Amino acid sequence: MRYYSNCMMTKENSIYLTPEERLELLRLNRDLRKNIEGRLPATDFRFVKQSVEKTISQGGLLRDNFGFSPIIIDMQTAYLVGKEIGLHREIILSIMLNRCVQHGTITIEEVKEQMGENVANMLTNLTQINALYAKSPTIESENFRNLLLSFANDMRIILIMIASRLVMLRRLSNSPDIEGRRLIANEASQLYIPLAHKLGFYKLKSEMEDLSLRYTEPEIHAELSQKLEETAASREDYMESFIRPIEKALLRHPHIKFRIKGRTKSIHSIWQKMKRQKLPFENIYDLFAIRIIIDSEPQNEKSECWQVYSIVTDMYTPNPNRLRDWLSVPKSNGYESLHTTVIGPQGRWVEVQIRTERMDAVAEHGLAAHWRYKGIKSEQGLDNLLASIRDTLENLSEENINENKFKMELYKDEIFVFTPKGDLYRLTRGATILDFAFCIHTGVGSKCTGALVNGRNVPIRHVLNNGDQVEIITSNSQTPKQAWLNIAKTGRARAKIRQALKDLTARQADIAREMLIRKFKNHKVDYDESVMDQLIRKMGFKRLSDFYQRVAEGFIDFTEIYKRYQAIVNPEYNENTQSAQNFTLTTDNEQSSGNDVLVIERNLKGIDYKLSKCCAPIFGDEIFGFVTINGGISIHRKDCSNAQELRERYPYRIIEARWSDTIGNKGLYQVTLRIVGHDDIGIVNNITSLITQEKDVMMRGINIESHDTLFSGTLTLMVSENSKLNKLMSKIENIKGVKQVRRV
């Protein structure tokens, strides 16, 4: 068990017991033996003692950061589990031997041989839970709690975790480590208290809540404790005056055997109510509840509870909005009770809980699992399942514990997997890598090529297991495939794949359409939608999207489309009269791929293009074109800060481009340089003098600012090509005092 999430044990933390601890250990040993008398043979005690002594001799049981002895912690946990929960031999042995197994003093095989298969299985599962617990930083999440429950092959392991944390919280009361106490209390609030609530351990849950509040909000806890103490006498008098008439009325019904007890609400419950209702302590009137517990035969339980309800509400007026009937439909963790709130003497509200002895035992000590009822179609089916669970829990002798009853059925159709950062995702059992990728995000799923599962490379069809750590591998060149619909197992992933395929088809159609418009423009031909609609119908397509998709897939050649288009526009069209001179978007012979390349010339006709201001390309830069919304083309440097986003979001609007061989001799381009250097006398003059001496370079502006011993500024220049610019930047960098020169 990991009792303290940041616990580091060292050899300096001596395991030797103080005299007080030895006395405590003797008392615990006596109480533990008495509590489980007849259930733990002497051979079990000898094996535990030998294993613990061997572990101590090897330095395996050292004090934690709070200075607590792990032996005492384990014995207190074992005693608490045996006393409060009522499970004995296997769970006690698992608690006492767990640290020995973790240290390697004894092996699971030795435990199996000496203590039996059930104890060995519990210890194996404890080891797995420890590893899972250490793996995730997100223990406060609902998914982690569900994962923990689904991972526990035997629900008694969860009981050990809850009990051990309560023991730690109890012992922290005198610890001077305030921050450590706060950490433990926060972890209890995030993980253990919700688990105790899920499993119905209300008594343990209530104590943990109060202790956690004591460590996280000490001033509030102290103030409420003091106020409860100050009002204790008057509260007891009021409870007695409220209960006395009920007792007299119930005694007139001799067939009803009952006992009544009053209890003050926990400090945590009072504080939560004060916050929720925004009231001071003095205005919280229902500080206590009355519990009427009936000793009833099983067949008479409900009828006698309702009879008591009738007697109470005849005496005190009930609030109809505060009736809670968990007799007809018990809570999912087996809790059964009848709650009502009535107006007592002095006009004060009092909560009355009515239940049987059996119901009270379940409410106090909880169930051994938190059950959901999937697939149960009727109330009768639900009642039958609840009755079966109760029968098991009411007879928890070691002989009739059915391991399958403790095996969680709650998450049999679900798994939980980790991301490398420890985030948890819930998936349907049988889910694949592809399901997980689309669960994270559609963009991740669409680019998924595989994954690392527990550090091992696996394909997208790999089926995930509970507790796997998964890192999705993506590629920008990956696109969704029709076959993925057969790989994905979850409806959510398949729906996202269908949508992604639909989007991909639409995107490819857009690419094909824009490509046709561009090529028609290169041929100096206007692209007319009505003519194209007519052409598409003549080619046998009912939908435009189908036509453009076939174009995108390469099944229809542009030449054929162009001929048919011209034949519709001009019946006398003769393809042999078409001059190659019309092309301004030419095929770059140096490109082996045969893709169209826009050649940038000074007198380029038929193409509306401009040099982008974001990166200010000049002759010699590696460039590409981007088709803008208005049909023009903006030219960007390939290392432009916007290039990656444009290529990823609008790949169908990207055009390969290059400079004409002659354009460099026909003008100057504006560029901006950013310069940083030491603020020395004369350094700016040195820079400007250098620039004025350069041929084909003109300085258009300079802006310099000083910052202590440094200066920074921008130079706006006119330059003919990037090779001359690079040489100029190199010369400026060599000026003494210049630290950095870069192109903006």
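Up top you'll find the structure we're talking about.
Nothing here was measured: the structure is a model prediction, and the numbers come from that model.

J.: Mind laying out helix α4 (residues 89-103), listing which residues take part and the relevant values?
T.: In this model α4 runs 22 Å from its N-terminal to its C-terminal C-alpha over 15 residues, within 8% of the 21 Å that 1.5 Å per residue would give. At Leu 97, α4 is deflected by roughly 45 degrees, the largest bend along its length. By the criterion of burial, α4 is predominantly enclosed, with 13 of the 15 residues buried. At the C-terminal side of α4, Gly 104 shows a positive phi close to 90 degrees.

J.: How would you summarise the sheet that holds strand β11 (residues 470-474) if you had to cite specific residues and measurements?
T.: Across the sheet, which stays open at both edges, the 3 strands sit in the order β10-β9-β11 with antiparallel pairing between neighbours. Single-partner strands in this sheet number two, and they are β10 (456-458) and β11. Within this sheet the neighbouring strands show an average axis-to-axis angle of 30 degrees, counted without direction. Pairing between strand β9 (residues 448-453) and β11: 5 bridges, direction antiparallel. Along β11, the bridge assignment pairs Val 453 with Val 470.

J.: Summarise unusual backbone geometry; cite the residues concerned and give the values.
T.: Unusually for a residue other than glycine, Ala 616 sits at a positive phi of about 45 degrees. Its location among the elements puts Ala 616 in the loop between β14 (609-611) and β15 (623-627).

J.: For empty space enclosed by the protein, give the residues involved together with the corresponding values.
T.: Summary: where empty space remains is shown by rolling a probe the size of a single water molecule over the atoms. Throughout the structure, instances matching the rule amount to 3 cavities of 30 Å³ or more. What lines the second largest cavity is Val 52, Leu 61, Pro 70, Ile 71, Asp 74, Met 96, Arg 99 and Cys 100. Broken down by secondary-structure element, the contributors of at least two residues to the lining of the second largest cavity are α3 (70-85) and α4. Of the residues belonging to the lining of the second largest cavity, the class tally is 6 nonpolar, no polar and 2 charged.

J.: Got a sec to walk through the nonpolar core? Specific residues and values, please.
T.: Here is a general trend for soluble globular proteins: nonpolar side chains tend to be buried in one another's company. In this structure, Val 111, Ile 162 and Met 208 are the most contacted members of the largest nonpolar core, which totals 60 residues. If one sorts the elements of this core by residue count, helix α8 (residues 156-171) sits on top with 11 residues. Membership of the second largest hydrophobic core comes to 37 residues, among which are Met 239, Ile 294, Tyr 316 and Met 359.

J.: If you had to explain the pattern of salt bridges to someone new, which residues and values would you point to?
T.: Any two side chains of opposite charge can pair, given that their charged atoms come close. A complete count under the given rule lists 18 salt bridges for this structure. The residue Arg 170 makes a salt bridge to Glu 207 at a minimum N-O spacing of 2.7 Å. A residue pair is termed long-range when its members are at least 10 positions apart, and Arg 170 in helix α8 and Glu 207 in helix α10 (residues 202-216) qualify at 37 residues. With relative accessibility at 36%, the residue Arg 170 sits in the partly exposed group. Given a relative accessible area of 28%, Glu 207 falls into the partly exposed group. Residue Glu 223 is joined to Lys 227 by a salt bridge in which the shortest nitrogen-to-oxygen separation is 3.2 Å. With a gap of 4 residues between them, Glu 223 and Lys 227 both fall in helix α11 (residues 218-230), about one helical turn apart. A single network of salt bridges, built from pairs that share partners, joins Arg 259, Lys 261, Arg 291, Arg 355, Glu 357 and Asp 360.

J.: Describe the packing of α4 against helix α5 (residues 108-115), with residues and values.
T.: Packed helices, taken two at a time, are described by the angle their axes make and the gap between the axes. Closest axis-to-axis distance for the α4/α5 pair is 12 Å, and the angle between their directions is 150 degrees. One finds that α4 runs roughly antiparallel with respect to α5. Once α4 is placed against α5, the crossing between them reads as right-handed. Only Ile 108, Val 111 and Met 115 of α5 make contact with α4, whose side of the interface consists of Arg 89, Leu 93, Leu 97 and Val 101.

J.: Explain the environment of Met 168 residue by residue, including any values.
T.: Take Met 168: it is sitting in helix α8. Linking Met 168 and Ala 185, residues 17 residues apart in sequence, is a C-alpha distance of 9.6 Å.

J.: Could you give an account of the pairing of strand β16 (residues 633-637), with specific residues and numbers?
T.: Looking down a regular strand, the side chains alternate between one sheet face and the other. Burial runs high along β16: 5 of the 5 residues are buried. The alternating pattern of β16 places Ile 633, Ile 635 and Arg 637 and Ser 634 and His 636 on opposite faces, both of which are buried. Two strands pair when backbone bridges link them, and β14 and β16 are joined in this way by 3 bridges, in the parallel orientation. Note on β16: the bridge partner recorded for Tyr 609 is Ile 633. As paired elements, β15 and β16 share 5 bridges and run antiparallel to each other. What sits directly across from Ile 623, in β16, is Arg 637.

About the cut-offs
- Residues numbered from 1 in each chain as written.
- Predicted model: local features only at pLDDT ≥ 70, side-chain atom pairs only at ≥ 80, totals over all residues.
- Heavy atoms only, no water.
- Helix = DSSP H or I, 4+ residues; strand = E, 2+ residues; numbered from the N terminus.
- Expected span 1.5 Å × (residues − 1).
- Bend = angle between axes of the 7 residues up to and from the residue.
- Buried < 20%, exposed > 50% of the residue type's maximum accessible area, 1.4 Å probe, protein only.
- Pairing = 2+ DSSP bridges.
- Axes fitted to C-alpha atoms, helices over the stretch in contact; angles between N-to-C directions.
- 1 Å grid on protein atoms, 1.4 Å probe; cavity = no way out; pocket = protein on both sides within 12 Å on 5 of 7 lines; lining within 4 Å.
- Points joined across faces, edges and corners; volume = space filled by probe spheres on them.
- Nonpolar A, V, L, I, M, F, W, Y, C, P; charged D, E, K, R; others polar.
- Core = buried A, V, L, I, M, F, W, Y, C linked by side-chain atoms within 4.5 Å.
- Salt bridge = Lys/Arg side-chain N within 4 Å of Asp/Glu carboxyl O.
- Parallel < 35°, antiparallel > 145°, perpendicular 65-115°, else oblique.
- Left-handed = near helix turned anticlockwise from the far one by under 90°.
- Contact = heavy atoms within 4.5 Å.

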